[in-house]
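# Results of the structural survey
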Amino acid sequence: MELLFSSLLLFLLGPIASIARGGDRIPNPSGFWDRSGEFSARSLLQDHKPQELEALADGYMSNSELEKAIEEFGKRCAHISRVYSIGKSVKGFPLLVIEISDKPGKDEAEPAFKFIGNVHGDEPVGRELLILLANWLCNNYMKDSLATLIIKNVHLHILPTMNPDGFALRRRGNANNVDLNRDFPDQFFPINDVVDLRQPETRAVMSWIKGQHFTASASLHGGALVANYPWDGSGDSRYPIYGGMQDWNYIHGGCLELTLEISDDKWPKADELPILFEYNRMSMLNLVASLAKTGIHGRIFSSHNGHPLPASVMIKGIDYKINASGSSGDYHRILAPSGSYEVTVSMPGYRAKTTPTFLQQYAISLDFILDPDGDDAHRRTPLDGCDCNCLGILRRAHGGVYLAVFVILLFLYFLLKRKAVFRFLKRRHSSSHRRVSVV
Ligand SMILES: [Zn+2]
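A brief structural summary. Computed from a predicted model, the values in this text were never measured in an experiment. One numbering rule holds for all chains: residues counted from 1, following each sequence as written. In keeping with the model being predicted, local features are shown solely for residues with a pLDDT of at least 70 and side-chain atom pairs are shown and tallied solely at 80 or more, while totals for entire chains, interfaces and linings include all residues. Based on all heavy atoms of the structure, the side-chain values leave hydrogens and waters out of the count.

## Here we look at the packing of helix α8 (residues 200–211) against helix α9 (residues 245–252)
Filter applied, for reference: Here an angle of 0 to 180 degrees is reported between the N-to-C directions of two axes, which are lines fitted to C-alpha atoms, with helices fitted over the stretch in contact. Secondary structure elements follow DSSP: runs of H or I no shorter than four residues count as helices, runs of E no shorter than two count as strands, and numbering proceeds from the N terminus. Roughly parallel covers angles under 35 degrees, roughly antiparallel covers those over 145, roughly perpendicular covers 65 to 115, and oblique covers all other angles. The crossing is said to be left-handed when, going from far helix to near helix, the turn is anticlockwise and less than a right angle, and right-handed when the turn is clockwise. Residue contacts follow a heavy-atom distance rule, with two residues in contact if any of their heavy atoms lie within 4.5 Å. All amino acids are sorted into three groups, where Ala, Val, Leu, Ile, Met, Phe, Trp, Tyr, Cys and Pro are nonpolar, Asp, Glu, Lys and Arg are charged, and the leftover types, Gly among them, are polar.
One can describe the packing of α8 onto α9 by two numbers: an axis separation of 10 Å at closest approach and a directional angle of 30°. Here α9 runs roughly parallel to α8, going by the angle between their axes. Like other packed secondary-structure pairs, α8 and α9 cross with a definite hand, here right-handed. Facing α8, whose interface residues are Val205, Met206, Ile209 and Lys210, α9 presents Met245, Trp248, Asn249 and His252. Residues belonging to the contact of α8 with α9 are distributed by class as follows: 5 nonpolar, 2 polar and 1 charged.

## Overview of the environment of tryptophan 136
On the secondary structure map, tryptophan 136 appears in helix α5 (residues 125–140). As for tryptophan 136 and alanine 147, which are separated by 11 residues in sequence, their C-alpha atoms are 8.2 Å apart. For tryptophan 136, the contacting residues outside a window of four places in its chain are Asp144, Ala147, Phe277, Arg281 and Leu285.

## Points about the packing of aromatic side chains
Filter applied, for reference: Two aromatic rings from Phe, Tyr or Trp, using only the six-membered ring of Trp, form a pair when their centres are within 6.5 Å; if the ring planes differ by under 30 degrees the pair is stacked, by over 60 it is edge-to-face, and anything between is tilted. In this scheme, a residue with accessible area under 20% of its type's maximum is buried, one over 50% is exposed, and one in between is partly exposed, where area comes from a 1.4 Å probe on protein chains only.
Throughout the structure, instances matching the rule amount to 8 aromatic pairs. Geometrically, the ring pair formed by phenylalanine 167 and tryptophan 267 is stacked, given 6.1 Å between the ring centres and 25° between the ring planes. Of this pair, phenylalanine 167 sits in helix α7 (residues 164–169) while tryptophan 267 sits in the loop between β9 (256–263) and α10 (273–293), and the two are 100 residues apart along the sequence. Relative accessible area serves as the criterion here: at 3%, tryptophan 267 is assigned to the buried category. Ring geometry for tryptophan 231 and tyrosine 250: centres 5.1 Å apart, planes at 75°, overall edge-to-face. Of this pair, tryptophan 231 sits in the loop between β8 (224–228) and α9 while tyrosine 250 sits in helix α9, and the two are 19 residues apart along the sequence.

## Describing the pairing of strand β5 (residues 112–117)
Here is the rule we go by: Pairing between strands is defined by DSSP: at least two bridges between them are needed.
Counting buried positions over the 6 residues of β5 gives 6, a clear majority of the element. Residues of β5 alternate between two faces, with Ala112, Lys114 and Ile116 on one and Phe113, Phe115 and Gly117 on the opposite face, all of them buried. When β5 meets strand β7 (residues 214–221), the two strands line up parallel, connected through 6 bridges. By the bridge assignment for β7, alanine 112 is matched with phenylalanine 214.

## Structural notes on the coordination of the zinc ion
Quick note on the threshold: Counted as donors are the N, O and S atoms within 2.8 Å of the metal, or 3.2 Å for Na, K and Ca, while water is not among the atoms, so some sites may look incomplete. Donor angles set the geometry label: tetrahedral for four donors if every angle is between 85 and 135 degrees, square planar for four and octahedral for six if opposite donors exceed 155 degrees and the others are between 65 and 115, irregular for anything else.
On the protein side, the zinc ion has His120 (ND1), Glu123 (OE), Glu123 (OE) and His221 (ND1) as donor atoms, found 2.0 to 2.7 Å from it. Each of the 4 donor atoms around the zinc ion contributes to a set of angles spanning 52 to 154°, which defines the coordination as irregular. On the primary sequence, the residues serving as donors to the zinc ion are separated as H-x2-E-x97-H. With respect to class, histidine 120 is no different from glutamate 123; both count as buried.

See the structure below:
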């Protein structure tokens, strides 16, 4: 599944994705326009009558049953998880998240992934599959290599439902009948720039994304089989998705989000859910694991004081940057395997560094130590606190002996400081299976 991102290309049928997600060209409740513009009779956006929906929802978890399932998971799997809330829906239902990691809640230099289900209230398969996924990971930790790799190397955050009110109403929009996947600020049109009009579910997810340092994510939808990645919108309106969560993640969260339609039928019978989980299980697991198994990872430090730096990471030829985290200075850049890349790390106040690297099938570690920019900062030494007269007195009084001792001490000071950073990196690298280097 390291090939997930390349295999996604097979699914990149933008116009189909747009229709499946409720684009303007939907001609009637069932069927869609294919890429050639022909109408297909394939049943996609079923518009069931209310009594039909109630029958279809039979066997699905209600919102309160979902809340109970999350809390029970949190108790049963407390050794590898924590449960937290990112806010509330319009009707006050808590938006609960399960974080799965061997150190849940701890700030580690590891990539973070998020799954969001049930963005559209009438697409409930994702919320069911995400609970099954969380339990599968817990049951297979230290038994299955993929489960163990994920739990030890990734912080996985799962929001089973972003739209519990829409689910309760069996409809696409939330309690205010707003499509949450059109409610995010848009890069091309100011349609959602009025903060007060933004829905509480959208606001909660936006501050969650700003607060966590997600590397990648996927939102789960239903009614088609599609995998879609940024961009949804374009300046010339060729793609009709504006205000979507995916593009906002990419621009403002530094997070590559995929929009996945995972079942042809929005409301398959509940007894089909375990089968759908088996269909999707390996893809979901491999998608999360790919964050640890592929790409370029590393940490960025200051040579001046050894502190981690939230520097930007750019790849030549790709007009996109991500930032390292402010707390640990770690970055995680998703890149296609088997490629040569030129990596540039920069930060105001520091001299940028650029290095070429070749990424094979597996992840590599590439750490950077940046030197402060400008002569003053670069030459800053412990002598800075001492004015010229001090040196003059020293020289006059003891014929340069003190000066020599001072220079030696200064040399040792910088040597030890630099060694401390390298010792830390070496310790980290010795426990890593990745090819490692420091720039
Ligand atoms: Zn949807």
